[in-house]
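What follows is the residue order along each chain.
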Amino acid sequence: MPTTSGFLSRDTYAETNPAFCSLLLTANVAGFHSVHDRPMPITFLPLVLPIVMSGELDSTFLYTTADTGLSRWIVKNPDILMKLPARMEACREMTRAALQFALHYKHLSMDNEANLRSLNLALSAIQLKKLGFERTANNATKLGTWFGSLGLATLAYNILGLEA
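This write-up is about the structure you can find in this document.

What counts, and where the lines are drawn
Residues numbered from 1 in each chain as written. Predicted model: local features only at pLDDT ≥ 70, side-chain atom pairs only at ≥ 80, totals over all residues. Heavy atoms only, no water. Helix = DSSP H or I, 4+ residues; strand = E, 2+ residues; numbered from the N terminus. Expected span 1.5 Å × (residues − 1). Buried < 20%, exposed > 50% of the residue type's maximum accessible area, 1.4 Å probe, protein only. Polar contact = N/O pair within 3.5 Å; in protein donor to acceptor, adjacent residues only side chain to side chain. 1 Å grid on protein atoms, 1.4 Å probe; cavity = no way out; pocket = protein on both sides within 12 Å on 5 of 7 lines; lining within 4 Å. Points joined across faces, edges and corners; volume = space filled by probe spheres on them. Nonpolar A, V, L, I, M, F, W, Y, C, P; charged D, E, K, R; others polar. Pairing = 2+ DSSP bridges. Salt bridge = Lys/Arg side-chain N within 4 Å of Asp/Glu carboxyl O. Axes fitted to C-alpha atoms, helices over the stretch in contact; angles between N-to-C directions. Left-handed = near helix turned anticlockwise from the far one by under 90°. Contact = heavy atoms within 4.5 Å. Bend = angle between axes of the 7 residues up to and from the residue.

## Considering helix H2 (residues 18-35)
Alright, step 1. For H2, which comprises 18 residues, the first-to-last C-alpha distance of 26 Å matches the rise-based estimate of 26 Å (1.5 Å per residue) to within 8%.
Alright, step 2. Judged by how many residues are buried, H2 sits mostly within the fold: 14 of 18 residues are covered.
Alright, step 3. The backbone nitrogen of Ala 19 lies 2.6 Å from a side-chain oxygen of the residue at the head of H2, namely Asn 17.

Printed below as a string of structure tokens:
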């Protein structure tokens, strides 16, 4: 991570903050919900932050829409798959903390089958826009719609060359 005079930058702290990351997870769940009027299985969550928060992958979302789909996105950007397992490992704790925050502060709810529902579909997008992260929010929401069109996390993991 970049340092300035031996200290991590404020952006690094902001982007790894559980409150900020919970907004990204909530935007993703809202995207899923926009395709299916049902909760999103929790098994999608480990994929969200490693993809959405990667500066390297941000440009791969340009010129995509909710209709692009995960498969077409991967075909156009096969390099995405190269570092994804390492990114997922690096984001594991961050995802856990963000989920705990989102559940505690009622951004998300989880049912007995570990499915997630956004309790305020517009909250995350509005907050992220206010913070200057509108593009990141759009990427999280798009990824959620792509997950929603697949329906099953195992399909997403297979497309991404991962084991579910």
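Structure shown, so let's carry the discussion forward.
## Let's talk about the layout of surface pockets
Any space left empty among the atoms is revealed by the rolling of a water-sized probe across them.
Alright, step 1. Size it by volume and the second largest pocket reaches roughly 160 Å³.
Alright, step 2. Sorting the residues of the lining of the second largest pocket by element identifies helix H3 (45-52) and helix H6 (84-104) as the ones contributing at least two each.
Alright, step 3. The greatest single-element share of the lining of the second largest pocket, amounting to seven residues, is contributed by H6.
Alright, step 4. Here the lining of the second largest pocket is composed, by residue class, of seven nonpolar, one polar and two charged.

## A short note on the pairing of strand S5 (residues 115-118)
Alright, step 1. In this sheet, S5 lies alongside strand S3 (residues 40-41) in antiparallel orientation, the contact comprising two bridges. Residue Pro 41 lies in a different strand from S5, and its bridge partner there is Asn 115.
Alright, step 2. Relative to S5, strand S4 (residues 108-110) runs antiparallel, the two being bridged by three bridges. Across the sheet, residue Ser 109 finds its bridge partner in S5, namely Arg 117.
Alright, step 3. Hairpin remark: S4 followed by S5, antiparallel, with four residues in the connecting loop; positive phi at Ala 114, about 60°.

## Here we look at the pattern of salt bridges
Alright, step 1. Scanning the model with the defined rule gives five salt bridges in all.
Alright, step 2. Residue Glu 56 is joined to Arg 87 by a salt bridge in which the shortest nitrogen-to-oxygen separation is 2.9 Å. Residue Glu 56 is located in helix H4 (residues 55-58), and its partner Arg 87 is located in helix H6; the two are separated by 31 residues in the primary sequence.
Alright, step 3. Of the charged contacts in the structure, one is a salt bridge between Arg 135 and Asp 58, with a shortest N-O distance of 2.2 Å. Note that Arg 135 is positioned in helix H8 (residues 134-150) and Asp 58 in helix H4, a separation of 77 residues in sequence.
Alright, step 4. One salt-bridge network, in which partners are shared between bridges, spans Glu 56, Lys 83 and Arg 87.

## Observations concerning the packing of H2 against H3
Alright, step 1. At their nearest, the axes of H2 and H3 sit 10 Å apart, and the two run at 115° to each other. Classified by chirality, the crossing of H3 by H2 is right-handed. Facing Cys 21, Leu 24, Leu 25 and Asn 28 of H2, the residues of H3 in contact are Leu 45, Val 48, Leu 49 and Val 52.

## A look at H6
Because an α-helix packs 3.6 residues into every turn, residues spaced three or four apart end up facing the same way.
Alright, step 1. The end-to-end C-alpha distance of H6 is 28 Å, a good match for the 30 Å that 21 residues give at a rise of 1.5 Å each.
Alright, step 2. Maximal helix bending in H6 amounts to about 50°, located at Cys 91.
Alright, step 3. Turning to H6, its buried residues are Leu 84, Arg 87, Met 88, Cys 91, Met 94, Thr 95, Ala 98, Leu 99 and Ala 102.
Alright, step 4. Lys 106 sits one or two positions beyond H6 and adopts a positive phi of about 60°.

By themselves these figures say nothing about function.
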